[in-house]
Amino acid sequence: MAGSLIKIDEEIVSSAVASVTLGGSDWDSSYDVYMVKITNFSPANDDVSAYMRITKSGTADITSNYDDAAKQLKAFNSFANNADNNEDKINFGNVGTGTSEGVNATLFLFNFNNTNEYSFATFEAAQLDTTADFRGKQGGFVHTVASASDGLFFYMASGNIASGTFTLYGLKK
Amino acid sequence: MATNLQLVKELNSTDVVSVTATDLFNTQYDVYEVHLDMLYNGASYLDIQLLDSSGNILTGSHYDSATLDLKVYATFGEFRLANSTIWRSLGGYMTNTVGGNIVKLTIYNPTATDKYTFASNQAGSFMSSGLFGVKGIAAYKATDGVYGLKIFGSGGGSTTFDYLNVKCYGVK
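Residues numbered from 1 in each chain as written. Chains lettered and ligands numbered in written order. Predicted model: local features only at pLDDT ≥ 70, side-chain atom pairs only at ≥ 80, totals over all residues. Heavy atoms only, no water.

**A look at the interface of chain A and chain B**
Tallying the contact residues gives 36 residues for chain A and 37 residues for chain B. Buried area between chain A and chain B, both sides added, is near 2,900 Å², and the carbon and sulfur share of it is 63%. The largest per-residue losses of area from chain A upon contact with chain B belong to Phe79, Glu124 and Phe134 of chain A, which jointly make up 19% of the total buried on that side. Where chain A touches chain B, the interface holds 1 salt bridge. Within the residue set of the side of chain A that touches chain B, elements represented by two or more residues are strand E1 (5–13), strand E3 (33–43), strand E6 (66–74), strand E9 (103–110), strand E10 (119–128) and strand E11 (134–143) of chain A. Of the residues assigned to the side of chain A that touches chain B, the class counts are 17 nonpolar, 13 polar and 6 charged. (Contact = heavy atoms within 4.5 Å. Buried area = accessible area lost by both parts, 1.4 Å probe. Salt bridge = Lys/Arg side-chain N within 4 Å of Asp/Glu carboxyl O. Helix = DSSP H or I, 4+ residues; strand = E, 2+ residues; numbered from the N terminus. Nonpolar A, V, L, I, M, F, W, Y, C, P; charged D, E, K, R; others polar.)

**Side note on the side chain of Arg53 of chain A**
Residue and element names in this part refer to chain A. The topology assignment puts Arg53 in strand E4 (residues 48–56). When its relative accessible area of 13% is taken as the criterion, Arg53 is described as buried. At a separation of 3.3 Å, a polar atom in the side chain of Arg53 contacts the side chain of Tyr155. (Buried < 20%, exposed > 50% of the residue type's maximum accessible area, 1.4 Å probe, protein only. Polar contact = N/O pair within 3.5 Å; in protein donor to acceptor, adjacent residues only side chain to side chain.)

**Describing the environment of Ala44 of chain A**
All names here are of chain A. Mapped onto the secondary structure, Ala44 falls in the loop between E3 and E4. Overall, the relative accessible area of 38% leaves Ala44 in the partly exposed class. Sequence spacing of Ala44 and Ser15 is 29 residues, and the spatial spacing of their C-alpha atoms is 9.7 Å.

**As for the nonpolar core**
Residues Phe25, Val34, Leu50, Trp87 and Leu149 of chain B are the most contacted members of the largest nonpolar core, which totals 37 residues. Per-element accounting of this core gives the leading share, 5 residues, to strand E3 (residues 31–40) of chain B. Here Trp87 of chain B is in contact with Leu46, Asp47, Ile48, Leu50, Tyr63, Asp64, Ser65, Ile107, Ala119, Ala138, Ala139 and Tyr140 of chain B, once residues within four sequence places are set aside. In terms of nonpolar packing, the next biggest core, distinct from the first, is built from 35 residues, Val36, Val48, Tyr66 and Val103 of chain A among them. (Core = buried A, V, L, I, M, F, W, Y, C linked by side-chain atoms within 4.5 Å.)

Here it is as structure tokens:
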């Protein structure tokens, strides 16, 4: 196991940027399964949603073909079911500018190099929301277009990304 | 080609009431994968407390956790704690069956002193009633810097783990 995780790309945001593309021109198509680690994905503006799309040929796919389902876990309140069909993005939820109010997450990506099937992912995310309450998600999503994908695109509902580390790994066969 | 999943520490214990695993985390990595494998001789939740760089337990009320309990024998349940002094139920519930109990924890930012520590987890426990799975999250909402874990049963007392094995990997 310890010999099977290979870093492909890493993007570190230390000064504000509008978006981050992980993979894209750096994508390595020689793996079947990929892992993504995200730490401290935080906004420049307070109380905005943290969004993600997949990329096709290095460009974020903005079509309404994202389906996701997750259990939203909260330390402070009852859990909730999140289920969305035909969205144009994946929403991690609202985050802010307070201490540690950002997304930390792990994703596994499946079928991204397959031109004949949909692209799938699982995710688990843990974050402080805009009121510093702790919540997160355990779930997955699918992009219902039968074509190859080559990365992930991160952005905020408004304003810039203030910080974050985004790392892409391949799981060696 | 160099691997990016690197074993930091392995600790195997037998016939212990708790395990204090120091020096699991250091400043070389931002993200860790921790695997636990155990068999407990009683009925308890699995509890975790965090350790500072000197191996002392971080005792402040900064622990949040939320787990979805996936039971094969009953309706799924929610377990949540806010502003607690422990992370509870990240490994589900244990009832002294031969099946044992396994946990995978992903820990984010443990040693950072400008960010809180976060975790997500998956676990499986084989109860006397059947499988008890867990999907969860946890946070330590303080910036003390976290370097290890204390792992124990919620019931306390002298009840022991037959074995409790810890493997910690840094994700480079």
